[in-house]
Amino acid sequence: QVQLVESGGGLVQAGGSLRLSCAASGRTFSSYGMGWFRQAPGKEREFVAHISWSGSSTNYADSVKGRFTISRDNAKNTVCLQMNSLKPEDTAVYYCAARLGGGSYYSTAHYNYWGQGTQVTVSS
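Novice: In this structure, what is going on with the pairing of strand 4 (residues 33-39)? I would like to understand it.
Specialist: Along any regular strand, the residues point their side chains to alternate faces of the sheet. Of all 7 residues in strand 4, 6 are buried, a share of seventy percent or more. Pairing of strand 4 with strand 9 (residues 92-99) involves 7 bridges; the strand directions are antiparallel. Across the sheet, Arg38 pairs through a bridge with Tyr94, a residue of strand 9. Where strand 4 folds back onto strand 5 (residues 46-51) in an antiparallel hairpin, the turn is made up of 6 residues, including Gly42, whose phi is positive at roughly 75 degrees.

Novice: What is the right way to read the sheet that holds strand 8 (residues 78-83) from this model?
Specialist: Think of a sheet as strands paired side by side through backbone hydrogen bonds, with each pair either parallel or antiparallel. On the basis of which strands lie adjacent, the open sheet formed by 4 strands has the order 1-3-8-7 and antiparallel pairing. What marks the edges here is a single partner per strand, and that holds for strand 1 (4-7) and strand 7 (68-73). If you compare each strand with its neighbour and ignore which way they point, the axes differ by 15 degrees on average. Of the strand pairs in this sheet, strand 1 and strand 3 (residues 18-24) are connected by 4 bridges, and their pairing is antiparallel. The residue of strand 3 that forms the bridge with Ser7 is Ser21.

Novice: Sorry, what's going on with the pattern of salt bridges here?
Specialist: Pairing between side chains of opposite charge can happen when the charged atoms of each approach one another. Applying the stated rule across the entire model yields 4 salt bridges. Linking Asp90 and Arg38 is a salt bridge whose minimum nitrogen-to-oxygen distance equals 2.9 Å. Of this pair, Asp90 sits in the loop between strand 8 and strand 9 while Arg38 sits in strand 4; the two residues are 52 residues apart in sequence, bridging distant segments of the chain. For the pair formed by Asp90 and Arg38, the shared burial category is buried. Lys65 is the partner of Asp62 in a salt bridge, and the nearest nitrogen-oxygen pair spans 3.2 Å.

Thresholds, definitions, all that
Residues numbered from 1 in each chain as written. Predicted model: local features only at pLDDT ≥ 70, side-chain atom pairs only at ≥ 80, totals over all residues. Heavy atoms only, no water. Buried < 20%, exposed > 50% of the residue type's maximum accessible area, 1.4 Å probe, protein only. Helix = DSSP H or I, 4+ residues; strand = E, 2+ residues; numbered from the N terminus. Pairing = 2+ DSSP bridges. Axes fitted to C-alpha atoms, helices over the stretch in contact; angles between N-to-C directions. Salt bridge = Lys/Arg side-chain N within 4 Å of Asp/Glu carboxyl O.

From the geometry alone we can't say anything about function, so treat these as descriptive.
Rendered as structure tokens:
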């Protein structure tokens, strides 16, 4: 069982930066691939970034590639999402998620645990 708690969301102007953190409970955190997803009002939850259990592999949605960076610290049971050059279209609730098995890292169906989400609002 893994519990996830996100933090770091807020209001920022376009072009600004935010750093989201996700704190995980449980002794098996290092066994899980971790992902960030986001959901804007009236839209489906979409993939943002993924990092493998070891941190050696990362993947990004095309819309955030080059602007966002995902990282993890297995000793501290945390995963972070550094978001730079933010745009109004990045406005959404951001969710941290953990997956133990295989399958597509960009699909919500392949994640076992989810956090409650943190709101990110980018003003123009």
